[in-house]
Amino acid sequence: MPLWELTPVDLLDSNWEASSHRGKVIVRAPREKVARDEAEKTFGVKTRFEPGGGVKAPPWKRPAVVTAKIIQDDRYEENGPTAILFPAL
């Protein structure tokens with residue numbers, strides 16, 4: 001199964017308030033969408049928002065805020081179920 005590297009590119013985006021992690025993530029997943037879903041499920045947090053400030057949403061599904069690419073890295077096992085491999089949980 002592919003290994004996906006999700007890399008934040010815009011840490012100034014206010015939606016990072018809705019994520020418990022703001023760094024690179026390595027996910028074993030069959031498709032990019034599944035990798036992004038897994039990151040959001042793992043790191044997404046509920047936030048409070050100020051009136052008129054809008055609702056914050058975890059940024060992991062937004063390509064403008066987080067890039068995704070397939071990588072090969074011998075440190076991570078490609079066989080197994082969909083999982084966050086880095087950071088270690």
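We now turn to the structure provided with this report. Everything numeric in this text was worked out from a predicted model, so none of it was measured. (Residues numbered from 1 in each chain as written. Predicted model: local features only at pLDDT ≥ 70, side-chain atom pairs only at ≥ 80, totals over all residues. Heavy atoms only, no water.)

Moving on: the overall build of the chain. For the chain, the count of helices and strands is one helix and four strands. Secondary structure elements of the chain occur, N-terminal to C-terminal, as β-β-α-β-β. Buried residues in the chain amount to 38% of all 89 residues. Here the contacts in the chain between residues at least 6 apart in sequence split such that 76% fall between residues at least 24 apart. Here the chain displays about 5,500 Å² of accessible surface, and carbon together with sulfur accounts for 52% of that area. (Helix = DSSP H or I, 4+ residues; strand = E, 2+ residues; numbered from the N terminus. Buried < 20%, exposed > 50% of the residue type's maximum accessible area, 1.4 Å probe, protein only. Contact = heavy atoms within 4.5 Å. Areas by Shrake-Rupley, 256 points an atom, 1.4 Å probe, with all protein chains shown as cover.)

Turning our attention to the sheet that holds strand E3 (residues 66-71). One open sheet accounts for four strands, arranged E3-E1-E2-E4; its pairing is antiparallel. Here the strands that pair on one side only, and so sit at the sheet edges, are E3 and strand E4 (83-86). Neighbour to neighbour, the strand axes of the sheet diverge by 30° on average, direction disregarded. Two elements, strand E1 (residues 3-8) and E3, share six bridges in a ladder whose sense is antiparallel. Note that in E3 the partner of Glu5 across the bridge is Lys69. (Pairing = 2+ DSSP bridges. Axes fitted to C-alpha atoms, helices over the stretch in contact; angles between N-to-C directions.)

Take the environment of Ser20 next. Counting through the fold element by element, Ser20 comes out in the loop between E1 and strand E2 (25-28). Under the relative-accessibility criterion, Ser20 is labelled exposed at 53%. C-alpha of Ser20 to C-alpha of Lys46: the two residues are 26 residues apart in sequence and 9.7 Å apart in space. Ignoring anything within four residues of it in the chain, the contact list for Ser20 reads Thr42, Phe43 and Val45.

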